[in-house]
Amino acid sequence: PKMYNAYGSAKFPTEGTTNLHLDISDAVNVLVYVGVPGDNAAEKKDSDEAAVRAIDEAGCDSITKRRVREVHEVPGALWQIYDAHDADKIRDFLNKVANERGEEREPYHDAIHDQSWYLDEVLRKRLFQEYGVEGYTIVQCLGDSIFIPAGAPHQVRNLHSCIKVAEDFVSPEHLNHCFRLTQEFRQLSDTHSNHEDKLQVKNIIYHAVKDSIAVLRELEPSDK
């Protein structure tokens, strides 16, 4: 398991805690601690209002808003998770925006894998209007677990200071994304952090099949 610690940024709508990226494997992320500034009542009220405002602006569903406003659950992080099949459209959009801003695009680098973009409200609106891509906005409250599918672009913005624990795993349903991303990462520069095949998905499949066959053989009735 991995631990993520970061301060909140509810008052800075254009700044993300974890920029847009995708992972080669599935993952589960558990929020185990939320720290709300409480040095004085005014500061706490200001932080709470900023978090609620961020949730409203992100277009969360009514159930999520009710959890925060009526049930008074403590919101920790704001997630945007996109379908894995929309990754290429998002990549094209980010390259388009970079060209509009006159930014230089380095060879063998990738707009998503470089984790250099956070899609704020303006960019998310443009992405939907120009490419028809809309993600799932999820508020992670204290104790909530978020499951992130392999290959799904996602980003996180902490509303308050958070401690999260995450674990990677490989599910049979998303092996196709694991294979595709392994090949995709090989196209990155040799110095890129994602260039190396850290998952070794072929070895995972080999040992899973090997263990399954061994179990089946043990269950076979013995010859008489």
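Before any of the text, the structure's been laid out above.
Here the structure is a predicted model, which is why all the values come from computation and not from measurement. Residue positions are counted from 1 within each chain, in the order its sequence is given. In keeping with the predicted nature of the model, local features appear solely for residues at pLDDT of at least 70, side-chain atom pairs appear and are counted solely at 80 or more, and the whole-chain, interface and lining totals rest on all residues. Side-chain numbers come from the whole structure's heavy atoms, not from hydrogens or water.

K.L.:
How should the side chain of aspartate 110 be read in this particular structure?
P.N.:
Only DSSP runs of H or I with at least four residues qualify as helices, and only runs of E with at least two residues qualify as strands; both kinds are numbered from the N terminus onward. Relative to the helices and strands, aspartate 110 is located in the loop between helix 3 (87-100) and helix 4 (121-131). For this analysis, a polar contact is any N or O atom pair within 3.5 Å, provided that within protein one partner can donate a hydrogen and the other can accept it, and provided that sequence-adjacent residues contribute only side-chain to side-chain pairs. Within the local environment of aspartate 110, its side chain forms a polar contact with the side chain of arginine 91, the two groups lying 2.6 Å apart. Of note is the side chain of aspartate 110, whose polar atom sits 3.0 Å from the backbone nitrogen of histidine 113.

K.L.:
Even after reading the chapter, I still don't get the packing of aromatic side chains, so can you show me in this structure?
P.N.:
Any two of the Phe, Tyr and Trp rings considered here, Trp counted by its six-membered ring, make a pair once their centres fall within 6.5 Å; the pair's planes then place it as stacked at under 30 degrees, edge-to-face at over 60, or tilted in between. Across all of its chains, the model carries two aromatic pairs by this definition. With centroids separated by 5.9 Å and ring planes inclined at 75°, the aromatic side chains of phenylalanine 93 and tyrosine 131 adopt a geometry described as edge-to-face. Note that phenylalanine 93 is positioned in helix 3 and tyrosine 131 in helix 4, a separation of 38 residues in sequence.

K.L.:
Help me out: how do you make sense of unusual backbone geometry in this one?
P.N.:
Glycine aside, residues mostly have negative phi, and peptide bonds are mostly found in the trans state. Despite not being glycine, histidine 72 shows a phi value in the positive range, around 65°. A positive phi angle, near 50°, is found at glutamine 115, a position not held by glycine. Position of glutamine 115 relative to the elements: it lies in the loop between helix 3 and helix 4.

K.L.:
When you look at helix 4 in this model, what are you seeing that I'm missing?
P.N.:
For an α-helix, the turn length of 3.6 residues means that residues three or four places apart are oriented alike. The rule is simple: take the accessible area with a 1.4 Å probe, protein chains only, and divide by the maximum for that residue type; under 20% is buried, over 50% is exposed, in between is partly exposed. Every buried residue of helix 4 is accounted for by Leu123, Arg124 and Leu127. Each buried residue of helix 4 lies within a common arc of 100° when the element is viewed along its axis, so the set occupies one face. Facing away from the buried side of helix 4, by more than 90 degrees, are the exposed residues Val122, Lys125 and Gln129. In this structure aspartate 120 caps helix 4, since a side-chain oxygen of it lies 3.2 Å from the backbone nitrogen of valine 122. In the segment just after helix 4, glycine 132 is the residue with positive phi, at about 70°. The arc in question is the one spanned by the directions pointing from the helix axis to the C-beta atoms.

K.L.:
Honestly, the sheet that holds strand 7 (residues 154-158) in this entry has me stumped. Any pointers?
P.N.:
Backbone hydrogen bonds hold the strands of a sheet together, and the pairing may be parallel or antiparallel. Strand order in this open sheet of four strands is 2-7-4-5, and the pairing throughout is antiparallel. Strands with a single pairing partner mark the edges of an open sheet, and in this sheet they are strand 2 (18-21) and strand 5 (136-141). Here the average twist between neighbouring strands, direction ignored, is 20°. Here strand 4 (residues 75-81) runs beside strand 5; their pairing, made up of six bridges, is antiparallel. Residue pairing in the sheet places glutamine 80 in a bridge with threonine 137 of strand 5. Any two strands with at least two DSSP-identified bridges between them are counted as paired. To obtain each axis, a line is fitted to C-alpha atoms, and for helices this fit is confined to the stretch in contact; angles are then taken between N-to-C directions over 0 to 180 degrees.

In short, shape yes, function no, at least from these values alone.
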